[in-house]
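Listed below, chain by chain, are the residues.
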Amino acid sequence: MITPFALHQPRSLPDALALLSEHDGETKILAGGSELLLLLKMGLIKANHIIDIKKIPRLDRIDYDPQAGAIHIGPLVTHRTLEKSELVQRDFPLLAEMERDLANVRIRNVGTLAGNLCFAEPHADPAAVLAVYDAAVTLQSSERERRVAIKDFFMDYYETALEKNEMLTDIDIPKLPDNFRGSYLRFCPGEWPMVTVALLTRWADGACAEARLGLGCVGPRPIRVGEFEQALRGKSGDELAAKADKLAGIAAQSSDPLADLWGSVEYKRQIVKNLVRDGLRSQCDGRG
Amino acid sequence: MSEELVPIRFYVNGEQHETQVKAHDLMIDFLRERLGLTGTKRSCDMEVCGTCTVLLDGKAVSSCSLFAFELDGKNLTTIEGLEGPDGLHPLQKAFIRCGGFQCGFCTPGMILLAKSLLMENPDPTREQVCEYMDANICRCTGYQMIVESILHAAKEMQAANR
Amino acid sequence: MAGAVGENLERVDGYGKVTGKAAYTGDLNIPGMIHGKVLRSPHAHARVSKIDGSKAEQIPGVMAVLTRENCQVATPYIGAMIKDQCLVAFDKVRYAGDIVAAVAATDENIAENALDAIEVEYEELPAITTVEEALADNAPLIHETVRRARPPQYGRGASYILHEKSNICHHFRYERGDVGAGFKAADFVFEDTFYFPSAHHYPMESNVSVADFNKDGVTIWASTQGPFGLRQEVARVFGLPLSDIRVIVPYVGGGYGGAKGLVPSIIGVALSRLARRPVRVNFSAEENFKTICQPRAKITMKSGIKKDGTFIARRCQLFLNAGAYVNSTPSVAEKAGYRGHGPYRLPHVLTDSYAVYTNTVPTGSFRGFGGPQVAFSYESHVDMIAQRMKLDPVDLRRKNLLTKGEDFAAGDTPTDCDLKGALAKVAEAIGWGAEDTPAKPGVKRGKGLACALKDGGGTKKASHANVKILNDGSLVVFSGSVEIGQGVQTVMRQIVAEEFAVPGDQVRVDEIDTRYTPFDTATNASSATALMGSAVFNAAVDAREQLLQSAASRLGAPRSEVKFENGSVLCREQRLGLSDAMRLCFGDSGGEIIGRGFFQLPTDLNVPLGSPTPFWEIGFGAAEVEVDESTGAVKVTKYVSLTDAGKVINPIQCRGQDEGAAIFGLGQALFEDMVYENGRLMNPNLVDYRLPRFRDLPPEFKTIILEEGGGRGPYGVKGMGEGGILAVAPAICNAVCNATGVRIMEVPIKTEKLLQALQERS
């Protein structure tokens, strides 16, 4: 049962931020509410104040900034909007693909990407994709505004860099050059993904010029596997395809999953390895 | 904590309502208990099963995981709103004709989810139906006859539109 | 004509269910109704040394607090064959989730919060969660006294063995021939052990009831498959005559054998008596998981075979983890044991089947009633035998399958359908032996099949029915078979419409209210169409006969000159429609005829289970699977299910039941399992307990429903609804073995284990 709370429905961002500062005990932001209501209903968290931000204009924007070459996603943008957005499908296909696979359509209709990031549920889809895009978030309070790279935003299971009086007001994702190819792979035997893999590669003159590998759900934070990324540089597609299994092993070793109902630590590492290997092989296809 | 009331004005199945709800009231309880619309059912209570599906401004959402005050300014469709003056909606007829229900408990949510699918994609393939409808669970039918019901309704609705 | 048997008559409950107007128990608003919540033990095994609800009673809005101190019952024990569960804990709690107290309050929040004010002191005891622990020397007794009803009356070959001072609460044995001699005469002896999960029924509608204990008696609105059994339990617990208790059953949102309605009703009645208000008790999804489940099984099959593949001897040992309270699990042990040798010719059989108490969630019947557990075991075992002996799995089965008319067990009803023909059909439908299209890289593909059967229709179940003819020729059916989704109301309508040759909408099937509805044992065992169908058929015939006699008398003709044909009463040259005939007999607006029907098979101690099996429900299946070599995940790409309805009364409903049963079976084969840690159930919710979804629907999925006739019901109908679940797990596992060489001995298939096995092989 949800215990009573004071509901605030501010009509401007400054008002919302002022409320956040004013009520610093057990105060929650309500956007879509998918994650929030589940935790409230289960009694895992308690809210004395809920700040519903849905009456604030422009928080549902998706803007493309051509100068910065980045997309700006407001905190009220739902997963479904991102999934269906032509702009996202065209210029950020990995993001669109991830959003398509996320949860189910009812949750996607209501849940926001921002809300998902703020709860830092370790078995969530977006983290790995945002990690390979080198995304960043803007955190605002009444006092200050700061931009935090996604790798610094996630701190631990269910823990982010968000301070008590701060709100996530923007997610910015740089657009990648057209010669990047991406794969999003996930293994989801139950309701929530066990392993997510986001792989981006850029090829030039028959060799891999750049690689980015993000692993999600296999640690307290999403993981960028620098060693793997380095190892791909300058190698041909054939060479990489032949060594895919070994390279994927690097990724597996970097992961830090927890055992649960769905599998042991070793199994989850094996899944990381196999998905990364499969993703790498498919990206090497036809790249000499 | 005082239980303050939140005024809301909204449409349900085409009818306007104006009332007050407690901030922490859930949409599903408001619909079932205050408005007497017991067609919407509760099952898993955690957005997994979709039994509680309603259409909020045409979008399929889980009424078990939304506050009642979210109705403000919105247009809600529940299962009770599908039958029109001309009779049952093609989806309702199709579910009867093609065996899309058995115990019927998941059926209101399932039909509404299907309605939102057909609004978005009036001529879906079998694969597209399964992918979209995967959001909701049925324990009785084994799903195939639900798929057939939806494909049948889609055909009927397309024919009617010509 | 529409409404005739064999037609897709529109379902009686169709309009209500697609419009949301159909009322389920949780939709009812009984005037004055308040809300009940229960307090559950956190411990798996503990003595309740002290309980005090007085602080909770003081809370504003609380109208009653129920503990063992103020129960006021004739007996606190409920149960089936064994009365082992107290409505609230008396001496001990025996599983984490066991009910110790209950509160009724003006709203759910108040009731829920008031639970915290109930003071309970526990003395923890060592908890047992596995059968091995329960059977170990010096294992603590979970029930110091086992309140058994008198042991069942078994017949030829079957026996009940009592174990005193043991956690074995039921031991069934079936024996024929001499297995020792059989194994000696065999050329090969193989022994394999299999494991089947504890699955939870998870009906979409929760366990819910409303109880009103007032000066006129007790009225209960319950979501239940057994209204008369519920009435009986309430009468016994509260020391009331049956005539004072009324059970009304609205639509039920899924049952699958989960003893729904019983626990909430007993608690609700007790609370209602204390509060003097109607009380609704509605369990949450988590509470439903903690109320009942299927018993986990360990099954050892040992077979003796001749080198030409002829089966000679079978020794089965089944251990069912029966949980803290057992409901129908002793009967499940009995049935599973009886079915344990499968649809095969076996002269020598010895089966021992045990139900064993542990400190886990109570168990009971579950769709298939022990059938899926043994089918998984014997059909995996048969495939393993075929592999070891390098015989074709289809040939091996064909050689040993019973022929129609042959005995499954001496004394019982002979098999009533063509099993070999059925095998050929599923093999053909799956493309057995055909060239396989190559699987894409990273995936292995294979096919498997399975043949299973269960004795269908229950044992000695009694069904009464009335059919009323009203003055205007409209008809009403009074049948206690509960509409749980299977379409039983529509079937009864069709039978009566057929017998009176009237359109379906001239026949009303009345709601179930034990005050007016004639007695029926319960809606289970795939029995309603054959058994209640027979009772309804007999009632229709009786009503017709009364009408003919009355009409003959009115017309001054001997009875022999009056007959019923094509919906009319014919007498010499006169032809009267139903309403005209009624008015002839009773005047313009008066009178009615009540036809009565009854069906029950007799006791017969020549039959192993004491009464003949009404019919044989077969479940044959064939699967094509794809195994993902990167993850160990199994996808069923093709599934064919086959059963024999005897006669299809409503084709869509039959198809729906078989397809639904097959997907139910898919859940146990691939996903479903109740997981415990230190006696606590770890996955009582749908995030952690995976049900089959649309994504699991095999892209090619078909059912074959035979109409071989010869059933006990009207028109040669048998029954169905459970057959479809039997073959799924073994067909899938046989297909996985065909695809990968890995033999699955335990379901649900764990992707981790399969991946490991795949890697070991490569």
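As the structure is a prediction and not an experimental result, all values here were calculated from the model.

**Here's the deal with the overall build of chain C**
- Along its length, chain C carries 19 helices and 32 strands.
- Taken over C-alpha atoms, the radius of gyration comes to 27 Å for chain C, in line with the 27 Å a tight globule of 762 residues would show.
- When the backbone C-alpha atoms are referred to their principal axes, chain C occupies close to 85 × 75 × 50 Å.
- Going through the 762 residues of chain C one by one, you find that 61% of them count as buried.
- Restricting the contact set of chain C to residue pairs at least 6 apart, pairs at least 24 apart contribute 80%.

**Some thoughts on the overall build of chain B**
- Scanning chain B from N- to C-terminus turns up 5 helices and 5 strands.
- When its helices and strands are written in sequence order, chain B yields β-β-α-β-β-β-α-α-α-α.
- Relative to the 2.2 N^0.38 estimate, which gives 15 Å for 162 residues, the radius of gyration of chain B is 16 Å and therefore close to what a compact globule would have.
- For the C-alpha atoms alone, the extent of chain B along its principal axes is close to 50 × 35 × 25 Å.
- In chain B, which comprises 162 residues, the share counted as buried stands at 60%.
- Pairs at least 24 residues apart make up 62% of the contacts formed inside chain B by residues separated by at least 6 positions.

**Brief notes about the interface of chain B and chain C**
- Contacts between the two partners involve 37 residues from chain B, matched on the other side by 40 residues from chain C.
- Secondary-structure elements contributing two or more residues to the side of chain B that touches chain C are helix 2 (90–97), helix 3 (107–120), helix 4 (126–133) and helix 5 (144–161) of chain B.
- Grouping the constituent residues of the side of chain B that touches chain C by class yields 20 nonpolar, 12 polar and 5 charged.

**Describing the packing of helix 10 (residues 371–388) of chain C against helix 18 (residues 728–740) of chain C**
Residue and element names in this part refer to chain C.
- The contact between helix 10 and helix 18 brings their axes to 8 Å, and the two run at 30°. If you check the angle between helix 10 and helix 18, you find them roughly parallel. In the packing of helix 10 onto helix 18, the handedness of the crossing is right-handed. Note on element contacts: helix 18 touches helix 10 through Ala729, Pro730, Cys733, Asn734 and Cys737, opposite Pro372, Ala375, Phe376, Glu379, Ser380 and Asp383.

**Quick look at the interface of chain C and chain A**
- Counting residues at the interface gives 15 residues for chain C and 15 residues for chain A.
- Of the residues forming the side of chain C that touches chain A, the biggest block, 3 residues, is contributed by helix 19 (residues 751–761) of chain C.
- Of the residues contributing to the side of chain C that touches chain A, the split by class is 5 nonpolar, 6 polar and 4 charged.

**With respect to the domain arrangement of chain B**
Residues and elements named next belong to chain B.
- When cut into domains, chain B gives domain 1 (5–81) and domain 2 (90–161).
- A straight line from the C-alpha centre of domain 1 to that of domain 2 covers 22 Å.
- Looking at the side of domain 1 that touches domain 2, the elements with two or more residues in it are strand 3 (53–56) and strand 4 (59–62).
- A class-by-class count of the residues in the side of domain 1 that touches domain 2 yields 6 nonpolar, 7 polar and 2 charged.

**A few points about the packing of helix 2 of chain B against helix 5 of chain B**
Residues and elements named next belong to chain B.
- Between helix 2 and helix 5, whose axes approach to 8 Å, the crossing angle comes to 135°. Classed by the angle they form, the pair helix 2 and helix 5 counts as oblique. In this structure, the crossing between helix 2 and helix 5 has a hand that is right-handed. Together, Pro90, Leu91, Ala94, Phe95 and Arg97 of helix 2 and Ser149, His152, Ala153, Glu156 and Met157 of helix 5 make up the contact between the two elements.
- Across the contact of helix 2 with helix 5, the residue classes tally to 6 nonpolar, 2 polar and 2 charged.

**Considerations on the nonpolar core**
Residues and elements named next belong to chain C.
- Ranked by size, the top nonpolar core spans 395 residues in total, and within it Val426, Val496, Val536, Ile732 and Val736 carry the most contacts.
- Residue contributions to this core peak at 12 residues, all from helix 14 (residues 528–555).
- Setting aside residues no more than four positions away along its own chain, Val736 makes contact with Gly446, Val625, Val627, Val634, Val742, Ile744 and Ile749.

**Observations concerning the pairing of strand 6 (residues 136–140) of chain A**
Residue and element names in this part refer to chain A.
- With 4 of its 5 residues buried, strand 6 lies for the most part within the structure.
- In this structure, strand 6 lies alongside strand 7 (residues 145–149), joined through 5 bridges in antiparallel fashion. Within strand 7, the residue paired with Ala136 across the bridge is Ala149.
- Taken together, strand 6 and the strand that follows it, strand 7, pair antiparallel across an intervening segment of 4 residues.

**Some thoughts on the sheet that holds strand 19 (residues 443–456) of chain C**
All names here are of chain C.
- Ordered in space as 19-28-29-32, the 4 strands form an open sheet in which the pairing is mixed. For this open sheet the edge positions go to strand 19 and strand 32 (700–706), each flanked by a neighbour on one side alone. Neighbour-to-neighbour, the strand axes of the sheet open up by a mean angle of 15°, direction not taken into account.

**Some points on the domain arrangement of chain C**
All names here are of chain C.
- Taken as a whole, chain C is organised into domain 1 (25–125 + 201–289), domain 2 (296–458 + 606–761) and domain 3 (461–599).
- Put simply, the middle of domain 1 and the middle of domain 3, counted by C-alpha atoms, are 38 Å apart.
- Contacts between the two partners involve 15 residues from domain 1, matched on the other side by 15 residues from domain 3.
- Looking at the side of domain 1 that touches domain 3, the elements with two or more residues in it are helix 6 (227–238) and strand 14 (245–249).

**Regarding the sheet that holds strand 25 (residues 568–571) of chain C**
Residues and elements named next belong to chain C.
- Across the sheet, which stays open at both edges, the 3 strands sit in the order 24-25-26 with antiparallel pairing between neighbours. With one partner strand each, in any of the chains shown, strand 24 (562–565) and strand 26 (574–577) form the two edges of the open sheet. If you compare each strand with its neighbour and ignore which way they point, the axes differ by 25° on average.
- Bridge count between strand 24 and strand 25: 4 bridges; the pairing is antiparallel. Opposite Lys563, over in strand 25, you have Leu570 as the bridge partner.
- Sitting on the sheet, helix 15 (residues 578–586) is in contact with strand 25 and strand 26, with an inclination near 100° to strand 26.

**Some words on the environment of Tyr160(C)**
- With respect to the helices and strands, Tyr160(C) occurs in strand 9 (residues 158–160).
- Beyond its immediate sequence surroundings of up to four residues, Tyr160(C) is in contact with Pro151(C), Pro152(C), Tyr154(C) and Phe172(C).

**Side note on the environment of Met145(B)**
- Tracing the chain through its elements places Met145(B) in helix 5.
- Accessibility expressed as a C-beta count within 10 Å gives 22 for Met145(B), which makes it buried.
- A C-alpha to C-alpha distance of 6.3 Å links Met145(B) and Cys98(B), two positions 47 residues apart in sequence.
- For Met145(B), the contacting residues outside a window of four places in its chain are Cys98(B), Gly99(B), Gly100(B), Gly656(C) and Glu659(C).

**Here we look at the pairing of strand 4 (residues 62–65) of chain A**
- Relative to strand 5 (residues 70–73) of chain A, strand 4 of chain A runs antiparallel, the two being bridged by 4 bridges. Counted as the bridge partner of Tyr64(A) is Ile71(A) from strand 5 of chain A.

**Remarks on unusual backbone geometry**
Residue and element names in this part refer to chain C.
- Here Val747 and Pro748 are connected by a cis peptide whose omega angle stands at 5°.
- Within the fold, Pro748 resides in the loop between helix 18 and helix 19.
- The phi angle at Lys460 is positive, at roughly 55°, despite the residue not being glycine.
- Along the chain, Lys460 turns up in the loop between strand 19 and strand 20 (463–470).

**Describing helix 4 of chain B**
- Regarding helix 4 of chain B, the residues found buried are Val129(B), Cys130(B), Tyr132(B) and Met133(B).
- Where helix 4 of chain B is buried, its residues touch helix 6 (105–110) of chain A together with helix 3 and helix 5 of chain B.

**Quick look at the environment of Gln58(C)**
- Structurally, the position occupied by Gln58(C) is in helix 2 (residues 54–58).
- Judged by local crowding, Gln58(C) falls into the exposed class, with 11 C-beta atoms found within 10 Å.

How each quantity is defined
- Residues numbered from 1 in each chain as written.
- Chains lettered and ligands numbered in written order.
- Predicted model: local features only at pLDDT ≥ 70, side-chain atom pairs only at ≥ 80, totals over all residues.
- Helix = DSSP H or I, 4+ residues; strand = E, 2+ residues; numbered from the N terminus.
- Rg over C-alpha atoms; globule rule 2.2 N^0.38 Å.
- Buried ≥ 20, exposed ≤ 12 C-beta atoms within 10 Å, placed from the backbone.
- Contact = placed C-beta atoms within 7 Å.
- Nonpolar A, V, L, I, M, F, W, Y, C, P; charged D, E, K, R; others polar.
- Axes fitted to C-alpha atoms, helices over the stretch in contact; angles between N-to-C directions.
- Parallel < 35°, antiparallel > 145°, perpendicular 65-115°, else oblique.
- Left-handed = near helix turned anticlockwise from the far one by under 90°.
- Domains from an automatic or database assignment.
- Core = buried A, V, L, I, M, F, W, Y, C linked by C-beta atoms within 7 Å.
- Pairing = 2+ DSSP bridges.

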